[in-house]
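Residue strings, one per chain:
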Amino acid sequence: MTSDAQGPEEFGSEDQPFHFTDKRKVTPEGQPKEAAPEGAAGAGSAGNDAEQDPLAGLDFEPTGEAGDDAALLAAQSEAAAHLDALQRERASFTNYRNRSLRDQEAARVKGVEDVLAALLPVLDDIDRARQHGELDGPFVAISDKLDASLSKFGIERYGVVGEEFDPTVHEALMHQVDPAATSATVNMVIEPGYRIGEKIVRAARVSVVGPE
């Protein structure tokens, strides 16, 4: 007689536990079973994973006020970097502008100095003619216009009789002794001096009288 019973080894053992899966399409009451929703098995698996890894469901991205603070700090840091770069560029431009202005002024003064050096012989002749009374008529007006033109460029003629001798602005070509003198003074201007601002282009060449 053949038995329909199956051995224990087919229904499970201590080494291989028995798992039962109900594949019937109707319930024991005869009602059709509802199909399990799609993805239900996956949801169960995900739940098991969450139970096994308690950190799996945690969200470490900052949210709410924490996220706003992080965004504000990032924006402030970027703004500070842009401000620092702008200040550096502004300082660099200011230094460049000041250096350019200094170079332009130095070039202008050098150009005026070169023109004055070229005119010195003519100016000396005019001054000698003036001292000897030989400058008259229309030449007086021409001389005055020339002096006015030179003054527009900051050129100054200096050196007069009676002023105290200063070796930084005068060049003594002759020296006379006067026992009654208490200091050295200019008693004759041989050639007047010329300067542009504080720069001496040519020292005044004079004769000096003073104590021994």
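Structure report, in brief. (Residues numbered from 1 in each chain as written. Predicted model: local features only at pLDDT ≥ 70, side-chain atom pairs only at ≥ 80, totals over all residues. Heavy atoms only, no water.)

## Description of the nonpolar core
Then comes step 1: With eight residues, the main nonpolar core is built from Val-112, Leu-116, Leu-120, Leu-123, Leu-150, Ile-155, Tyr-194 and Ile-196.
Then comes step 2: Those elements that place two or more of their residues in this core are helix H3 (65–131) and strand S4 (193–196).
Then comes step 3: Look past the residues within four positions of Leu-120 in its chain and what remains in contact with it is Tyr-194 and Arg-202.
Then comes step 4: In this structure, Tyr-158, Val-169, Val-186 and Val-189 belong to the second largest nonpolar core, which totals seven residues. (Core = buried A, V, L, I, M, F, W, Y, C linked by side-chain atoms within 4.5 Å. Buried < 20%, exposed > 50% of the residue type's maximum accessible area, 1.4 Å probe, protein only. Helix = DSSP H or I, 4+ residues; strand = E, 2+ residues; numbered from the N terminus. Contact = heavy atoms within 4.5 Å.)

## A look at the sheet that holds strand S3 (residues 185–191)
Then comes step 1: One open sheet accounts for three strands, arranged S2-S6-S3; its pairing is mixed. A single partner strand is all that each edge strand has here, and the edge strands are strand S2 (170–177) and S3. For this sheet, the mean angle separating the axes of adjacent strands, direction not counted, is 25°.
Then comes step 2: The pairing of S2 with strand S6 (residues 204–210) spans seven bridges and is classified as parallel. When the sheet's bridge partners are listed, Glu-171 is paired in S6 with Arg-205. (Pairing = 2+ DSSP bridges. Axes fitted to C-alpha atoms, helices over the stretch in contact; angles between N-to-C directions.)

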